[in-house]
Amino acid sequence: MIYMPACGGQMGAYMRKYKTWSNFLFDSVVVLLLLIFGLSCLIPILHVVALSLSSKTAALAGRVYLWPVEFTITPYKVLVTDAKFMQALWVSVKRVVLGGGLNLILTVITAFALSQEEKDFPGRKVYMWFLVFAMLFGASLVPWYFVIKATGLMDSIWALVVPGALPVYNTILLMNFFRNLPKEIKESAILDGISPVQMMLRICVPLALPAIATVTVFSIVCHWNNFFDGLLLTNTPSKMPLQTYIQTLTNKNIDVSSSSLTPEELEVLTSLKTFNAAKIVAASLPIVVFYPFMQRFFVSGLTLGSVKE
């Protein structure tokens, strides 16, 4: 009986020490795994950037890893002086501005309408099920292509923008955000005689800025990275977006006579290894620069908009 408290105290100290070391070991393993996963994503990017800034001989010899060897910016000079590349870049910029703006307007209007109660919007359930069905069971490639062709949008910037004007997933995400707004705010606005349009513009949209920023990021990234529809819907090379142009870019796509390339720059074209790396970096750079500024809104908007009462 006399030694029981001492044994109990020793056992408690041992358990606390064991628990502390087990937590430390667990945290160390988690951090190590996250570090490995992070490096597995970062190392290929660093390798591509190093390739794009290295000489042709170093790249062909396999001497480039994570740091440029025989530093040069010649591949980027070739891209800048290529008129077709700059034209494709301009098409992608127009697509992002037009497509992202159209997605934002239609998504906000549709999400606000679907967030209303059944008594205020009697056909809400019908439209909701229609959107969910369209999201789960989309049309196949062939009818999608013929519908766009029948509307006369082929080989234009609108063929890349109009077919995806209303992203259903973004609409559902924003609708859930609107439905989770405090009902007291809406009821007070109705008592003050505010119209539904004014409620959307003056109350719901300002409160939903994090969720709106989230769906905007989704739309911009989708429009910028999409290349497959450009292959199907554009026939004129000057109307191709940047990602589509990169997919089809070869030596013959570069007009040497009009680019005024130096002998050093022409030598780059004999090795597409560094040139392709430069294309990848140039196409990825706008999104890499844009995304960190939207990260704060992206995380909060995704968390708040994904919960439905």
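Conventions adopted
- In this convention, every chain numbers its residues from 1, walking through the sequence in written order.
- Where local features are concerned, this predicted model is filtered to residues with pLDDT of at least 70; where side-chain atom pairs are given and counted, the filter is 80 or more; whole-chain, interface and lining totals use all residues.
- Think of the side-chain values as coming from all heavy atoms in the structure, minus any hydrogens and water.
- Whether two aromatic rings pair depends on their centres lying within 6.5 Å, for rings of Phe, Tyr and Trp, where Trp uses its six-membered ring; planes under 30 degrees apart make the pair stacked, over 60 edge-to-face, and the rest tilted.
- To define axes, lines are fitted to C-alpha atoms, for helices over the stretch in contact only, and angles between the resulting N-to-C directions are given on a 0 to 180 degree scale.
- For helices the rule is a DSSP run of H or I covering at least 4 residues; for strands it is a run of E covering at least 2, with both sets numbered from the N terminus onward.
- We call two directions roughly parallel when the angle between them is under 35 degrees, roughly antiparallel when it is over 145, roughly perpendicular when it lies between 65 and 115, and oblique otherwise.
- Put simply, a crossing is left-handed when the front helix is turned counterclockwise from the back one by less than a right angle, and right-handed when it is turned clockwise.
- We call two residues in contact whenever any of their non-hydrogen atoms come within 4.5 Å of each other.
- Only Asp, Glu, Lys and Arg are considered charged in this grouping, and only Ala, Val, Leu, Ile, Met, Phe, Trp, Tyr, Cys and Pro are considered nonpolar; every other residue, Gly among them, is considered polar.
- Only buried residues count toward a nonpolar core, which is a set of Ala, Val, Leu, Ile, Met, Phe, Trp, Tyr and Cys residues joined through side-chain atoms within 4.5 Å.
- Buried means the residue's accessible area, taken with a 1.4 Å probe over protein chains only, is under 20% of the maximum for its type, while exposed means over 50%, and partly exposed covers the values in between.

Examining the packing of aromatic side chains
Stage number 1. Following the criterion strictly, the structure yields six aromatic pairs and no others.
Stage number 2. Ring geometry for Y145 versus F146: centroids 5.7 Å apart, planes at 80 degrees, classification edge-to-face.

So, the packing of helix α8 (residues 183-191) against helix α9 (residues 196-207)
How two helices sit against one another is set out by the angle between their axes and by the gap between those axes.
Stage number 1. One way to put it is that α8 packs onto α9 with a least axis distance of 11 Å and a crossing angle of 160 degrees. When the axis of α8 is compared with that of α9, the two are roughly antiparallel. α8 and α9 meet at a crossing whose hand is right-handed. The residues of α9 that touch α8, namely those facing I185, K186, A189 and I190, are M199, I203 and L207.

Side note on the packing of helix α4 (residues 83-114) against α9
Stage number 1. Where α4 contacts α9, the two axes come as close as 11 Å, and the packing angle between them is 105 degrees. By the angle between their directions, the pair α4 and α9 is classed as roughly perpendicular. Taken together, the residues of α9 that come into contact with α4 (itself represented by V108, I109 and F112) are P196, M199, M200, C204 and V205.
Stage number 2. Taken together, the residues that form the contact of α4 with α9 break down as eight nonpolar, no polar and no charged.

Considerations on the nonpolar core
Stage number 1. L174 and F178 are the most contacted members of the largest nonpolar core, which totals 23 residues.
Stage number 2. Within the residue set of this core, elements represented by two or more residues are α4, α5 (124-136), α7 (168-179), α9 and α10 (209-225).
Stage number 3. In contact with L174, other than residues within four places in its own chain, are T107, V108, A111, A208, A211 and I212.

Details of unusual backbone geometry
With the exception of glycine, most residues fall at negative phi, and the peptide bonds are largely trans.
Stage number 1. Located in the positive-phi region is E70, a residue other than glycine, with phi close to 55 degrees.
Stage number 2. Relative to the helices and strands, E70 resides in the loop between α2 (56-60) and α3 (74-81).
Stage number 3. Taking the relative accessible area as the measure of exposure, E70 reaches 43% and is therefore partly exposed.
Stage number 4. Located in the positive-phi region is D155, a residue other than glycine, with phi close to 60 degrees.
Stage number 5. Relative to the helices and strands, D155 is located in the loop between α6 (141-150) and α7.

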